[in-house]
Amino acid sequence: MGFTEVDEVLLRRAMALARRAAPTALATNPPVGAVIAEKARILAEGWHQAYGGPHAEIEALRRLPPDTPLTHATLYVTLEPCCHHGKTPPCTSAILSTGIRRVVIGTIDPNPLVAGQGLSQLRAAGIEVVLAPHPAPYRRLIRYFAVSIREKRPYLTLKWAQLKTPAEPPILGSRHLPQMPISTLWGRVWGHRLRARHSHIAVGYATWHLDKPRLTTRLFPGPSPQPIVFYDPRRGAPDLPTAIPALPLYPLAETLHALYRDLHVGSLLLEGGAQTLQAFLSSGLYDEIHILTRRTHRPTLPANPVWAPVPPPHLPFRHYRLSRTETVAVYRRPFTW
């Protein structure tokens, strides 16, 4: 049996389940959803809920009614089942023990420890394995994970809001005006929505000290990302609340590897300031860039303006209008596997 319309519907349902997981809970793990169904009748559902916890397939299997026969059931899972011992036993072994004879998979796992081997194990055991003919939505679902597992660093999103006058380059604010407002309410909601999509959020120490940002998702549903502060090691480590890690900005690549390895940072949203943003841009360490621009007809800039960084000219981007005076440009580095 090939990929049917029912398969498409139930695999999309599994993808909707995967999106229930909060990035703060997943850390460096991918969002994955699973559905067990017989024909079009759903028997059980599950999704990966927390770093180190049961995978989506196991969650779905545990929610089955007792003594449910599975010889005619199909398992739908957005990501190829794992076949190695990590923080949990391999999901392929659990699937083989159930009697399920058909598995539909959204996309192959980009983790080099899996990368098609889970699929091969299931097929070698006589299970029919069907891959989604259009895996792009399921690959987009795990984009953060696909980058971080290969690069051994967090998925990096740079974000800033800038003010643009008719005659001058855009600015981030003024050194004389800490917490200078730039975005409207709609812009702030947009920014908090972006925060809710990341496990961690970071600013430079100067921004932390001067602006005292809360770095929360108070204007958008969802848990707030864990804050991180970067500092210039030439000036010494700052004194911060114990719950907030302070890490040296240089050498940047080593710091990012440490974030991924030691603090399990899967996705990092960097919100400033200008020098910290420029350090990432100059090092080529970014995967996405989101820029909110508010245009004003005010002819003059505030004293001591902080000039906004310039995004890389070679990156593909799209832009859209957020409000009457605000537009957003989104740059994404192409990534395939």
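Scroll up a little and you will see the structure.
Per-chain numbering applies: the sequence of each chain, read as written, is numbered from 1 onward. Residues qualify for local features only when their pLDDT is at least 70, as the model is predicted, and side-chain atom pairs are given and counted only at 80 or more; totals for whole chains, interfaces and linings, by contrast, use all residues. To get the side-chain values, take all heavy atoms of the structure and skip hydrogens and water.

**Student:** Got a minute to help me understand the overall build of the protein in this structure?
**Tutor:** Strands are runs of DSSP state E lasting at least two residues, helices are runs of H or I lasting at least four, and both sets are numbered from the N terminus onward. A count of helices and strands for the protein gives 11 helices and 15 strands. Overall, the C-alpha framework of the protein stretches about 75 × 45 × 35 Å when taken along its three principal axes. Taking all 337 residues of the protein together, 53% fall into the buried category. Contact criterion: two residues are considered in contact whenever any of their non-hydrogen atoms come within 4.5 Å of each other. Taking as baseline every contact in the protein between residues at least 6 positions apart, the subset at least 24 positions apart corresponds to 72%. For every residue, the accessible area obtained with a 1.4 Å probe (protein chains only) is divided by the maximum for its type, and the residue is called buried under 20%, exposed over 50%, and partly exposed between those limits.

**Student:** Just checking my understanding: could you explain the nonpolar core for this structure?
**Tutor:** What tends to happen in soluble globular proteins is that the nonpolar side chains get buried as a cluster. We call a set of buried Ala, Val, Leu, Ile, Met, Phe, Trp, Tyr and Cys residues a nonpolar core when their side-chain atoms join them within 4.5 Å. Counting 48 residues, the largest nonpolar core has I36, L70 and V103 as its most contacted members. The greatest single-element share of this core, amounting to 6 residues, is contributed by helix α1 (residues 5–18). With residues up to four places along the chain from it excluded, the contact list for I36 reads R41, I42, L43, A44, A60, L61, L64, L70, A73, T74 and L75. Listed in part, the 28 residues of the second largest apolar core include L249, V265, A279 and L285.

**Student:** I'm lost on unusual backbone geometry in this one. Help?
**Tutor:** Following Y250, the chain continues to P251 via a peptide bond in cis, the omega torsion being -10°. Its place among the elements puts P251 in the loop between β10 (246–248) and α10 (252–262). Geometrically, the link from G272 to G273 is a cis peptide bond, its omega value of 0° lying close to zero. Tracing the chain through its elements places G273 in the loop between β11 (267–270) and α11 (274–283). Although it is not a glycine, L215 sits at a positive phi angle of roughly 60°. Tracing the sequence through the fold places L215 in the loop between α9 (205–211) and β9 (226–231).

**Student:** Would you mind showing me how to read the packing of aromatic side chains here?
**Tutor:** To describe a pair of aromatic rings, you give the distance between the ring centres and the angle between the ring planes. Pairing of aromatic rings covers Phe, Tyr and the six-membered ring of Trp, with a centre-to-centre limit of 6.5 Å; geometry is then stacked below 30 degrees between planes, edge-to-face above 60, and tilted otherwise. The final tally for this structure, using the stated rule, is 3 aromatic pairs. Judged by centre distance (4.3 Å) and plane angle (25°), the rings of Y144 and Y155 are stacked. Of the two residues, Y144 is situated in helix α7 (residues 143–151) and Y155 in strand β6 (residues 155–164); the sequence distance between them amounts to 11 residues. When its relative accessible area of 23% is taken as the criterion, Y144 is described as partly exposed.

**Student:** What am I meant to see in the side chain of H198 here?
**Tutor:** The topology assignment puts H198 in the loop between α8 (185–196) and β8 (200–204). We define a polar contact as two N or O atoms separated by no more than 3.5 Å, with the added condition that, inside protein, one atom must be a possible hydrogen donor and the other a possible acceptor, whereas residues neighbouring each other in sequence contribute only through side-chain atom pairs. A distance of 3.5 Å separates the side chain of H198 from the side chain of Y144, its partner in a polar contact. With sequence-adjacent residues up to four places away left out, H198 is seen in contact with P23, T24, Y144, T157, P225, S267, L268 and L269.

**Student:** Which parts of the structure should I look at to understand the pattern of salt bridges?
**Tutor:** Close approach of charged atoms lets side chains of opposite charge pair. Only one rule defines a salt bridge in this text: a Lys or Arg side-chain nitrogen within 4 Å of an Asp or Glu carboxyl oxygen. Overall, the coordinates contain 12 salt bridges when judged by the stated rule. Ionic pairing is found between R102 and E128, a salt bridge with its closest N-O pair at 3.5 Å. Here R102 is found in strand β4 (residues 102–107), whereas its partner E128 is found in strand β5 (residues 128–131), with 26 residues between them in sequence. Looking at E128, the relative accessible area reads 29%, which means it is partly exposed. Residue K159 pairs with E271 through a salt bridge whose shortest N-O separation is 3.7 Å. Taken together, the residues span a long stretch of sequence, with K159 in strand β6 and E271 in the loop between β11 and α11 at a distance of 112 residues. Look at K159 and you get buried, because its relative accessible area is 12%. Here the salt bridges do not stand alone but share partners, grouping D7, R102 and E128 into one network.

**Student:** So what exactly am I meant to see when it comes to the sheet that holds strand β1 (residues 33–38) here?
**Tutor:** Within a sheet, adjacent strands bond to each other through the backbone by hydrogen bonds, running parallel or antiparallel. Strand pairing requires that DSSP identify at least two bridges connecting the strands. Reading across the sheet, the 5 strands line up as β2-β1-β3-β4-β5 and stay open at both edges, with mixed pairing between neighbours. At either end of the open sheet lies a strand with only one pairing partner, and these are β2 (41–47) and β5. Strand-to-strand twist in this sheet, taken as the mean axis angle between neighbours without regard to direction, amounts to 20°. Taken together, the 5 bridges between strand β3 (residues 74–79) and β4 define a ladder with parallel strand orientation. What sits directly across from L75, in β4, is V103. Sitting on the sheet, α1 is in contact with β1, β2, β3 and β4, with an inclination near 145° to β1. The axes are straight lines fitted to the C-alpha atoms, using for helices just the contacting stretch, and the angles between their N-to-C directions are given from 0 to 180°.

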